[in-house]
Structures are given as structure tokens and as C-alpha cells.
Amino acid sequence: MFKHDFKFYKRRRPPPDLSGVLDLSKDFCSSAVIARRINQTCDDMIRDGHWGLKPVDEWRMYELTDRQGLLFIPNPFTALGQRYWVCRCLKDFTCKPQKLNLDAHGDLQDGQKWWDTCMKDTERGKSLLQKLRWVTLGYHHNWDTKLYSEDSRGPFPEDLAVLCQYIARVVGLNDFSAEAAIVNYYHMDSTLAGHTDHSELNKEAPLFSFSFGQSALFLLGGLSVDEKPAAMFIHSGDIIIMSGVSRLCYHGIPRILSMDKTPWNAVDSRAGCIQRECCDDSVVCDTEDYGSARRCRKETNSTFYPSCFSSEIIHSCTESYFWEPFGNYLRTSRINMNVRQVLQPAMKSLPQQL
Ligand SMILES: O=C(O)CCC(=O)C(=O)O
Ligand SMILES: [Fe+2]
């Protein structure tokens, strides 16, 4: 059943009927989902737009009715937040010591950075831009053995770990420790075949999936390939959490779709400007109550940005000259950060034999 539906949605001619695909950016009254409560008491951590998230009282969350533990949060990111993660995925996570699919082909010489090389206006740069398929962070996923090992472990980006830990708290899951990630880079003709993610020693910890750029069709099946999958759209900024029973369910991406939603484009001087202490006596600032956070409404000379963003990355995200190549990449691409916990709670490392 999974393969059958995968083929159906992958088909180019004639194009498949997409009317049965769940779209949680609009379809939130569907009987296929149940609205879930968000733990609003956690809002203190992101009042100043930490990691590019909107205040929690603006989030919505759904669970699939017949797939316990499949949680879907339609885009909780600010436009600036989306740009931040896109820059991280393209410019930073593609640097050594992270592993890239390109390593095997010898496409990059020692010390050469993928994004910088692509940005040189050469034929080689253009072809390299299309060739990046995946990057692994933290415990590097071994695609052949499907095992993680201490011998193949790099640093895990602190900001991504904090983002996942925070979201886990907000959605009421146990402490989550981000230890491995696959960043997937898709173009308009890319697909990801049905699979389960079972390499992790800890299969109870949820899996966090963040998507940016073009939309995708996501199929979520059952524990066996014989079950008919649910089909849903994933748009830019959407978060999927595979927890509970759905953690080990078959899933795949039969199609990337251009759906003309570009929420990362709304960056203006106020985007992402959600301040913990927007107004004090010395700053005259027109604010609006914005749930438990307050959004600065005044165009000020000094725009406030979340303190966790480095000035270099804010520059890349907001100056149109710097942002343009990232925006161009997104026009025909989708990026997915897929984050996992590998170890059991309180474990510091993997046993030798693994
Ligand atoms: O791109 C996606 O949404 C899914 C990626 C995925 O399933 C994986 O990396 O294991
Ligand atoms: Fe997966």
C-alpha cells in the first residue's frame, strides 16, 4: 500500500489528484486531525524571538487521528527565523567537520567550503550547488551499516539542540537531547523513498523534522508497508514530530511542490522583533500586546533582533545583497533538518560494539 501510494503521488503524467492531501495550513477542521494543547508556560524562553520562533500562544498543533504521536506544528517561525535556519543549513552546516554526500566524490578540496565555492560564478560552482543532497551533524549516520559509532561523531550545533529541547518542552515531551541530524537538500525532482528511522539506540525519543523552502508531499504509513499512508503537505517552516507509535512508522517524500508560499520573504525591520523588554523608560516604543510577548511596532534606528542570533548571520538574513543567493536557492529547493536522539537518557556515549 505504501509503495502504491508513493508511486501514485510521484507520477508526472498525468499529474496525481491532490484533493485528498491534508493541508494543515488551511484544513484544520479535518477529522483526520485533533487539535492539541501547547504548554504556554514555556513562553518565557522565547519572548525575544529566540531561535526565530513566534510566541507560543500563536502556535497551533495537531495530532493525526489514526497515527498516535504524529504531531504537526504549522510554521511557528518568524520570517527572520526561517532565514536564519536556511543560512545555517546552507552556509554553516555544510562546513567541516560535518559530513556531506559530496565528500565521497572528492568534489571539494581540503578546506574548501561548499557555499563559498558555489557562490563563485563558475560552471563548477553551479553544478556543486545542485549536487548537495545531505549533511550529517553530531553522530554521523552511516548509510551503509545504518549504525552510529563513537568513531564517527562530530559536534552538534548548540542552537539546533536548544531549539529541539525547547520545542520538546512546549509540546509536553520528555527531555530531548539532540545528538544526530540529517539535513536533506531536495530539488524539484527529488524524492525520498519510504523508510523507517531505526538506527538510533533510543527509539522512544521523538524525531524532530523542520522544513524550509518549497513544499513537499509527505506520506506517513504504519509500522508495516502494508498499511495505507496518510498524505499531507509540508510547507516552509512546518515542524513534524514523530513520537509515540508514529516514531517507527514508514514515511517518505514522493514529491516536491512549488506552491508559491514564501513566508521567508516577509522580513522587514520588525520581523522577528519580539522583545522581552521592548519598552523601557529610555526607549520610546509603540508596542502592541501580542499574547504574552509584546511586539515592537516602531521603526527605530536600532532594530531589535533576538539576542541569540550573531550579527554576522543577521546581516546575511536581512541585507538583500547577502540574502539573495539563499532566496534563489530556495526557489527550486527544499531543506529538511531531521534531528534525533541516539543515546538512552543519562548515557554519555555509545557502547564500543555499536
Ligand atoms: O524530508 C523529510 O521531510 C523527511 C526526511 C526523513 O525522513 C529523514 O531524513 O529520515
Ligand atoms: Fe525519515
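It should be noted that the structure appears before, not after, this text.
Just so it is clear, the structure is predicted and the values come from calculations on it, not from any experiment.

Draft legend 1. Broad picture of the site of ligand 1. Asn184, Tyr186, Leu192, His195, Asp197, His251, Ile253, Arg334, Asn336, Asn338 and Arg340 make up every residue found near ligand 1. Asn184 has a polar side-chain atom sitting 2.9 Å from an oxygen atom of ligand 1. Considering ligand 1 on its own, with 300 Å² of exposed area, one finds that the protein chains cover 96% of that surface. In a pocket analysis with a 2 Å cut-off to the grid points, ligand 1 is assigned to the largest pocket. Elements supplying a minimum of two residues to the shell around ligand 1: β6 (180-187), β7 (192-195), β12 (251-257) and β16 (333-340). Tallying contributions element by element places β16 first for the shell around ligand 1, with four residues. Broken down by class, the residue content of the shell around ligand 1 amounts to three nonpolar, five polar and three charged.

Draft legend 2. Geometry of the sheet that holds β6. The nine strands lie next to each other as β1-β2-β3-β11-β8-β16-β6-β5-β4, forming an open sheet whose pairing is antiparallel. In this open sheet, the two strands that pair with only one neighbour each are β1 (33-35) and β4 (99-100). Note: β4 against strand β5 (residues 134-138), two bridges, orientation antiparallel. Directly across from Lys99, in β5, lies its bridge partner Thr136. Of the strands in this sheet, β6, β8 (207-213) and β16 touch helix α2 (residues 79-92), which is tilted by about 85° from β16. Contacts from helix α5 (residues 158-170) reach β3 (70-73), β5, β6, β8, β11 (239-242) and β16 within the one sheet, and its direction differs from that of β8 by about 115°.

Draft legend 3. Highlighting the side chain of Gln98. You can see Gln98 is positioned in the loop between α2 and β4. Looking at Gln98, the relative accessible area reads 7%, which means it is buried. Sequence-distant contacts of Gln98, defined by excluding residues within four places in its chain, comprise Phe93, Asp103, Val135, Thr136, Leu137, Gly138, His140 and Pro155.

Draft legend 4. Region of interest: the sheet that holds β12. If you walk across this open sheet you meet the four strands as β7-β12-β9-β10, and the pairing is antiparallel. Each having just a single partner strand, β7 and β10 (230-234) make up the two edges of the open sheet. Sheet twist, expressed as the average angle between the axes of neighbouring strands with direction ignored, equals 25°. As judged from the two bridges shared by β7 and β12, these two strands associate in the antiparallel manner. Within β12, the position partnered with Leu192 by the bridge is Ile253. Here helix α1 (residues 2-10) sits on the sheet and contacts β7, β9 (215-220), β10 and β12; the angle it forms with β12, its principal contact strand, is near 10°.

Calculation rules
Residues numbered from 1 in each chain as written. Chains lettered and ligands numbered in written order. Predicted model: local features only at pLDDT ≥ 70, side-chain atom pairs only at ≥ 80, totals over all residues. Heavy atoms only, no water. Near = heavy atom within 4 Å. Polar contact = N/O pair within 3.5 Å; in protein donor to acceptor, adjacent residues only side chain to side chain. Areas by Shrake-Rupley, 256 points an atom, 1.4 Å probe, with all protein chains shown as cover. 1 Å grid on protein atoms, 1.4 Å probe; cavity = no way out; pocket = protein on both sides within 12 Å on 5 of 7 lines; lining within 4 Å. Sits in = over half its atoms within 2 Å of the grid points. Helix = DSSP H or I, 4+ residues; strand = E, 2+ residues; numbered from the N terminus. Nonpolar A, V, L, I, M, F, W, Y, C, P; charged D, E, K, R; others polar. Pairing = 2+ DSSP bridges. Contact = heavy atoms within 4.5 Å. Axes fitted to C-alpha atoms, helices over the stretch in contact; angles between N-to-C directions. Buried < 20%, exposed > 50% of the residue type's maximum accessible area, 1.4 Å probe, protein only.

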